[in-house]
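Secondary and tertiary structure notes
What follows is each chain in one-letter form.
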Amino acid sequence: MSASAPTTRFRHEPETAAAAQPIAPGAQKKRMLIIVNPYATTVSDRLKNLVVYALQARYDVEAVDTEAAEHAIEIGREARDGEYDIVVAFGGDGTLNEVANGLAGTDVPVSVLPGGSTNVVCRTLGIPNDVVDATEHLIGLADDFRPRKIDLGRCNRRRFVFACGVGLDATVVKRVDAHPLLKARARQWYYTWAAISGFYRHYLRDPVRLELEIDGEKHDGVTAIAQNSDPFTYFGNIPIRICEDIGLDDGTLSMALLHRAKQRDMLPIATRVLSRRLHASKHRQIEEFVDVGEATVRSISMDEDGQPRAFPVQVDGDYIGEHTELAFGVDPGALTIVA
């Protein structure tokens, strides 16, 4: 596969695009707020300063660092009334997730500068995965500023841009997030190690079993994934596709359920996930659901006290804790983007 980023797959593309309106000489610069995650994999103070300096050529820039988990949600909410023309998430997919949660339901345009290890949303939107190229991309947008709406998935009260995972996938993210230095150094190979070790430790013998309910029908398994866009993630430059019939503006989610966790299934599934020709959703232990408006995932495994065992959950590549039940939905056109 080419290392270049694919363009966004929207189901409902406009037939014609409005002509770009160049900024007239002497016109006021657009106000830009950059929300920076200083702990993201590739972000540093020096890089942040260089990016801000470059963007000041075309924007009136203000940069704010996040200080803790979910701080970007708070900053995003404050930016609702800050009269910013654009808010940029500079970090990984988790940083963008928090910014999106803060600005969901508003007309404040959001864009992204890649600072994470995978940068799924950047690649999905066709934004360069290199921060220098992405900065040039943002500078070019000053003359071609065309915001558009995309959907956001919903997991209980938390929204997600591209995916939410329950079970094995979230176990991997939990393990990786706990070791940021290894995540930065080994990248996709550390994810691979976390997946293998997590499978043998938590899923081979006694995994938490899940019940996925859609339109009144119940299906049981050990891992569930909800996607708002395709691909699900990347392994290096290889797109990982689980649910494939999904677009960022189609008003629905696609979901997949892994029915069991047996050692004999893992190699064939991994082969399909990494293949450009085979389809993961066609494996007999994976069931795909398309055009999902609402769904519920609940634990059907009980502990010694008769209480449901909790399962791990991740949204947009960030671990958000353990739950026993989740309500999924979609908020059509909830986020305004520029890309």
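Below you will find a few notes about this structure. (Residues numbered from 1 in each chain as written. Predicted model: local features only at pLDDT ≥ 70, side-chain atom pairs only at ≥ 80, totals over all residues. Heavy atoms only, no water.)

1. Observations regarding unusual backbone geometry
Note the cis peptide between Asp230 and Pro231, where omega equals 10°. Here the phi dihedral of Glu70 falls at roughly 70°; this positive angle occurs in a residue that is not glycine. With phi around 55°, Asn119 is a residue other than glycine that occupies positive phi space. Position of Asn119 relative to the elements: it lies in the loop between strand 4 (110–114) and helix 4 (120–125). Assessed through its relative accessible area of 4%, Asn119 is described here as buried. (Helix = DSSP H or I, 4+ residues; strand = E, 2+ residues; numbered from the N terminus. Buried < 20%, exposed > 50% of the residue type's maximum accessible area, 1.4 Å probe, protein only.)

2. As for the pattern of salt bridges
If you walk through the whole model with that rule in mind, you get 17 salt bridges. In this structure, Asp65 engages Lys48 in a salt bridge whose closest nitrogen and oxygen atoms are separated by 3.3 Å. Taken together, the residues span a long stretch of sequence, with Asp65 in strand 2 (residues 59–65) and Lys48 in helix 1 (residues 45–55) at a distance of 17 residues. Owing to a relative accessible area of 17%, Lys48 belongs among the buried residues under this scheme. Between Glu322 and Lys174 there is a salt bridge, with the nearest N and O atoms lying 3.6 Å from each other. Residue Glu322 is found in strand 17 (residues 318–323), and its partner Lys174 is found in helix 6 (residues 168–177); the two are separated by 148 residues along the sequence. Given the relative accessible area of 44%, Glu322 is considered partly exposed. What you see here is one network of salt bridges that share partners, running through Glu211, Glu213, Arg298 and Glu325. (Salt bridge = Lys/Arg side-chain N within 4 Å of Asp/Glu carboxyl O.)

3. As for helix 6
Counting buried positions along helix 6 yields 7 of 10 residues, so the element is predominantly enclosed. Within the span of helix 6, buried status applies to Leu168, Asp169, Ala170, Thr171, Val172, Val173 and Val176.

4. Considerations on the pairing of strand 15 (residues 295–299)
With 5 of its 5 residues buried, strand 15 lies for the most part within the structure. The two faces of strand 15 match: Ala295, Val297 and Ser299 on one face and Thr296 and Arg298 on the other face are all buried. Pairing of strand 15 with strand 18 (residues 325–337), which is carried by 4 bridges, proceeds in the antiparallel orientation. Its bridge partner being in strand 18, Ala295 is matched across the sheet by Phe328. (Pairing = 2+ DSSP bridges.)

5. Concerning the sheet that holds strand 16 (residues 311–315)
If you trace the 6 strands from one edge of the open sheet to the other, you get 14-13-10-7-16-17, paired in antiparallel fashion. Because the sheet does not close on itself, it has two edges, and the strands there are strand 14 (286–292) and strand 17. Averaged over all adjacent pairs, the angle separating strand axes in this sheet is 15°, with direction ignored. (Axes fitted to C-alpha atoms, helices over the stretch in contact; angles between N-to-C directions.)

6. Re the state of the cysteines
Following the criterion strictly, the structure yields 0 disulfides and no others. Cysteine Cys155 is unpaired, with the sulfur of Cys164 as its nearest cysteine sulfur at 3.8 Å. (Disulfide = S-S within 2.5 Å.)

7. Some thoughts on the nonpolar core
The biggest cluster of nonpolar side chains holds 69 residues, and the ones touching the most others in it are Met32, Ile34, Leu55, Val87 and Phe90. When near neighbours in sequence (up to four residues on either side) are disregarded, Met32 contacts Leu55, Tyr59, Asp60, Val61, Glu62, Tyr84, Ile86, Val88 and Leu138. Listed in part, the 23 residues of the second largest apolar core include Phe289, Ala295, Val297 and Val313. (Core = buried A, V, L, I, M, F, W, Y, C linked by side-chain atoms within 4.5 Å. Contact = heavy atoms within 4.5 Å.)

8. Section: the packing of helix 6 against helix 8 (residues 188–203)
Running from N to C, helix 6 and helix 8 point in directions that differ by 120°, and their axes come no closer than 9 Å. For the element pair helix 6 / helix 8, the angle class is oblique. Between helix 6 and helix 8 the crossing geometry is right-handed. Contacts between helix 6 and helix 8 involve Leu168, Thr171, Val172, Arg175 and Val176 on the former and, on the latter, Tyr190, Tyr191, Trp193, Ala194, Ala195, Ser197, Gly198, Phe199, Arg201, His202 and Tyr203. Here the residues of the contact of helix 6 with helix 8 sort into 10 nonpolar, 4 polar and 2 charged. (Parallel < 35°, antiparallel > 145°, perpendicular 65-115°, else oblique. Left-handed = near helix turned anticlockwise from the far one by under 90°. Nonpolar A, V, L, I, M, F, W, Y, C, P; charged D, E, K, R; others polar.)

9. What about the environment of Phe328?
With respect to the helices, strands and loops of the structure, Phe328 is situated in strand 18. Exposure remark for Phe328: the relative accessible area of 4% places this residue in the buried category. With 219 residues separating them along the chain, Phe328 and Pro109 place their C-alpha atoms 25 Å apart. With sequence-adjacent residues up to four places away left out, Phe328 is seen in contact with Arg154, Cys155, Phe160, Cys164, Val166, Ala226, Leu253, Met255, Gly293, Glu294, Ala295 and Val297.

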